[in-house]
Amino acid sequence: MVSSVVKSVSPSATISLINKENALKAAGKKVISFSLGEPDFTTPIQILDYASEKMREGYTHYTQSPGIPELRKKIAEKFSIEKNVKIDDKSVLVTPTKFALYASYLALLDPGDEILIPDPGWVSYIEMAHLVGAKPVYYKLDEKRNFSLDQEDIKNRIGEKTKAIVINSPNNPTGSVLSNEDLKFLRDIVRDRKITVISDEIYEKLVFEGKHESFLNDFTLLENSIIVSGFSKSHAMTGLRIGYMISSEEMIKYVDRIQQHTMTCAATYSQYAALKALDDDSSPEKMKMEYRKRRDVLVEGLKEIPIFKINPPQATFYMYPEIDYKGMDSMEFSNYLLEKLYISVVPGIAFGPSGKYRIRISFSTGIENIKEGIERLKNLK
Ligand code: GLU
């Protein structure tokens with residue numbers, strides 16, 4: 001009954017863990033959840049008020065397929081100012097961020113084409129390639145140098161069939177940020193080899209030290225860049241499913257065809273919420289400061305537990321420690337934590353082969369939970 005393509009795709013490790021955790025919670029267990037990367041903050045009230053007002057005013061119908069013109073314009077203006085590169089509204093398409101990624105794969109890749117994806121990298125980059133019949137090829141992030149690029153490895157993996165490279169800075173699951181030197185290296189590759197970079201910048205507002213640098217820092221790169229970002233992490237709006245893609249006007253036209261035949265347009269309510277969110281820079285800043293505190297508590301706590309070897313994250317709300325516990329691999333260890341300590345984490349292997357002895361800990365949960373989690377982890381002898 002089911003197509004071979006869909007059969008080849010694994011469930012999302014991050015999403016499917018929710019079910020497992022909920023089953024334990026339903027059985028009365030106090031589970032400490034370090035698994036899903038979902039902000040625990042409430043969506044800022046003025047964003048919700050504005051979106052609700054617009055609904056009551058009757059804005060509950062379709063919008064133009066690439067997004068409300070006012071919103072596209074505002075995204076373009078804000079991006080231009082923040083990233084210091086001039087783009088206009090025709091380079092913007094409004095859609096949920098995950099769909100923006102999938103639509104970029106659809107727009108760029110023919111069956112058999114190769115796409116380079118980071119190892120470690122977010123769980124869906126690989127499966128989206130399978131969904132469009134393309135071949136994902138891992139490139140290494142160098143764990144010894146805080147997960148920066150292994151430039152030689154990338155050069156070696158680019159071949160005749162390589163159409164695109166996915167980058168994700170700040171990175172999920174490591175919390176690392178690509179250096180300006182690495183970004184420059186990638187920009188040079190794009191110019192020389194006519195490959196497109198798909199840059200997932202969803203964690204851009206969660207850089208603890210320094211400022212986020214977009215891959216797109218020069219208008220001439222637009223032809224070979226697809227930038228995706230959104231409001232889920234910056235404004236705690238995961239359930240509103242709203243984000244955007246920035247690329248050349250031509251690419252946006254093609255992606256809009258995909259949107260017209262699949263989504264029609266992003267949800268109208270969510271688009272108005274996004275419009276309001278663009279006026280709110282203080283909530284992301286406050287949330288970031290809170291995540292930074294949590295990071296520090298977690299770093300200090302895990303330092304005391306010898307089975308973990310940590311790289312303190314520079315950004316995001318993820319930490320990606322190495323584990324050394326009775327020879328268990330990431331899968332065995334994650335199951336053990338859930339069953340014995342009621343702590344849920346994501347096994348590193350879900351983020352690529354280099355994660356065999358790592359776990360991802362999401363600290364998008366309150367300090368009290370983090371402290372309790374650390375106390376429980378101290379029992380691992
Ligand atoms: N990106 C978040 C995570 O890695 C949310 C879940 C998902 O989309 O995979 O946990």
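Residues numbered from 1 in each chain as written. Predicted model: local features only at pLDDT ≥ 70, side-chain atom pairs only at ≥ 80, totals over all residues. Heavy atoms only, no water.

K.L.:
Help me get a handle on helix α8 (residues 180-193), residues and values and all.
P.N.:
Spanning 14 residues, α8 covers 20 Å between terminal C-alpha atoms, matching the ideal 20 Å at 1.5 Å per step. Residues of α8 that are buried: Asp182, Leu183, Phe185, Leu186, Arg187, Ile189 and Val190. Where α8 is buried, its residues touch β5 (148-149), α7 (151-157), β6 (162-168) and β7 (196-200). Where α8 ends, the next residue or the one after it, lysine 194, has phi of about 55°, a positive value. (Helix = DSSP H or I, 4+ residues; strand = E, 2+ residues; numbered from the N terminus. Expected span 1.5 Å × (residues − 1). Buried < 20%, exposed > 50% of the residue type's maximum accessible area, 1.4 Å probe, protein only. Contact = heavy atoms within 4.5 Å.)

K.L.:
Give a description of the sheet that holds strand β11 (residues 318-319) that names residues and reports values.
P.N.:
Judged by pairing direction, the sheet is antiparallel, and its three strands sit side by side in the order β11-β15-β14 without closing on themselves. A strand with exactly one partner marks an edge of an open sheet, and here the two such strands are β11 and β14 (346-347). In the sheet, β11 pairs with strand β15 (residues 359-362) via two bridges, with the strands oriented antiparallel. Bridge assignment links methionine 319 to a residue of β15, and that residue is isoleucine 361. (Pairing = 2+ DSSP bridges.)

K.L.:
I'd like to hear about unusual backbone geometry, residue by residue, with values.
P.N.:
The omega torsion across aspartate 119 and proline 120 is 5°, close enough to zero to call that bond cis. For proline 120, the location among the structural elements is in the loop between β3 (114-119) and α6 (124-131). For the bond from serine 169 to proline 170, the omega torsion is -5°, close enough to zero to count as cis. A positive phi angle, close to 55°, is found at asparagine 146, a residue other than glycine. Inspection of the secondary structure assignment puts asparagine 146 in the loop between β4 (135-142) and β5. Given a relative accessible area of 30%, asparagine 146 falls into the partly exposed group. Of note, the phi angle at alanine 236 is positive, near 50°, even though the residue is not glycine. Position of alanine 236 relative to the elements: it lies in the loop between β8 (225-230) and β9 (243-246). Looking at alanine 236, the relative accessible area reads 7%, which means it is buried.

K.L.:
Now, about the site of the ligand: what can you tell me, with residues and values included?
P.N.:
Surrounding the ligand, one finds Thr14, Ile15, Leu36, Gly37, Lys98, Trp122, Asn172, Tyr203, Lys233, Tyr318 and Arg360. With the chains in place, 89% of the 270 Å² that the ligand exposes on its own is no longer accessible. Among the cavities detected, the one that contains the ligand is the largest pocket. Classifying every residue of the shell around the ligand by side-chain character gives five nonpolar, three polar and three charged. (Near = heavy atom within 4 Å. Areas by Shrake-Rupley, 256 points an atom, 1.4 Å probe, with all protein chains shown as cover. 1 Å grid on protein atoms, 1.4 Å probe; cavity = no way out; pocket = protein on both sides within 12 Å on 5 of 7 lines; lining within 4 Å. Sits in = over half its atoms within 2 Å of the grid points. Nonpolar A, V, L, I, M, F, W, Y, C, P; charged D, E, K, R; others polar.)

K.L.:
Which residues make up the sheet that holds β3, and what are the values?
P.N.:
Strand order in this open sheet of eight strands is β2-β9-β8-β7-β6-β3-β4-β5, and the pairing throughout is mixed. A single partner strand is all that each edge strand has here, and the edge strands are β2 (92-95) and β5. For β3 and β4, the ladder comprises six bridges, and the chain directions are parallel. Of the residues in β4, the one forming a bridge with proline 118 is tyrosine 139. Seen against the sheet, helix α4 (residues 69-83) touches β2, β8 and β9 and runs at an angle of roughly 115° to β2. In this fold helix α5 (residues 97-108) packs onto β2, β3, β6, β7, β8 and β9, with an angle of close to 165° to the strand it touches most, β8. (Axes fitted to C-alpha atoms, helices over the stretch in contact; angles between N-to-C directions.)

K.L.:
Got a sec to walk through a nonpolar patch on the surface? Specific residues and values, please.
P.N.:
On the surface, a nonpolar cluster with roughly 520 Å² of combined accessible area is contributed by Met1, Val2, Val5, Val6 and Leu131. Here valine 6 shows up in helix α1 (residues 4-7). (Patch = residues over 30% accessible without salt bridge, like charges linked within 9 Å, V, L, I, M, F, W, Y side chains within 5 Å. Salt bridge = Lys/Arg side-chain N within 4 Å of Asp/Glu carboxyl O.)

K.L.:
Explain empty space enclosed by the protein residue by residue, including any values.
P.N.:
Per the stated rule, a full pass over the model turns up three cavities of 30 Å³ or more. Of the voids in this model, the largest cavity is the one considered here, and its volume is about 170 Å³. The wall of the largest cavity is formed by 17 residues, among which Glu82, Glu204, Lys205, Tyr244 and Leu278 lie closest to the centre. Taken together, the elements giving at least two residues each to the lining of the largest cavity come down to α4 and β8. A per-element tally of the lining of the largest cavity places α4 first, with five residues. Looking at the lining of the largest cavity, its residues break down into six nonpolar, four polar and seven charged. (Points joined across faces, edges and corners; volume = space filled by probe spheres on them.)

K.L.:
How would you explain the pairing of β2 if you had to name every residue and give the values?
P.N.:
Here β2 shows two buried faces, one formed by Val92 and Val94 and the other by Leu93 and Thr95. Sheet analysis places β2 next to β9, joined by four bridges and oriented antiparallel. Within the sheet, the bridge partner assigned to valine 94 lies in β9 and is tyrosine 244.

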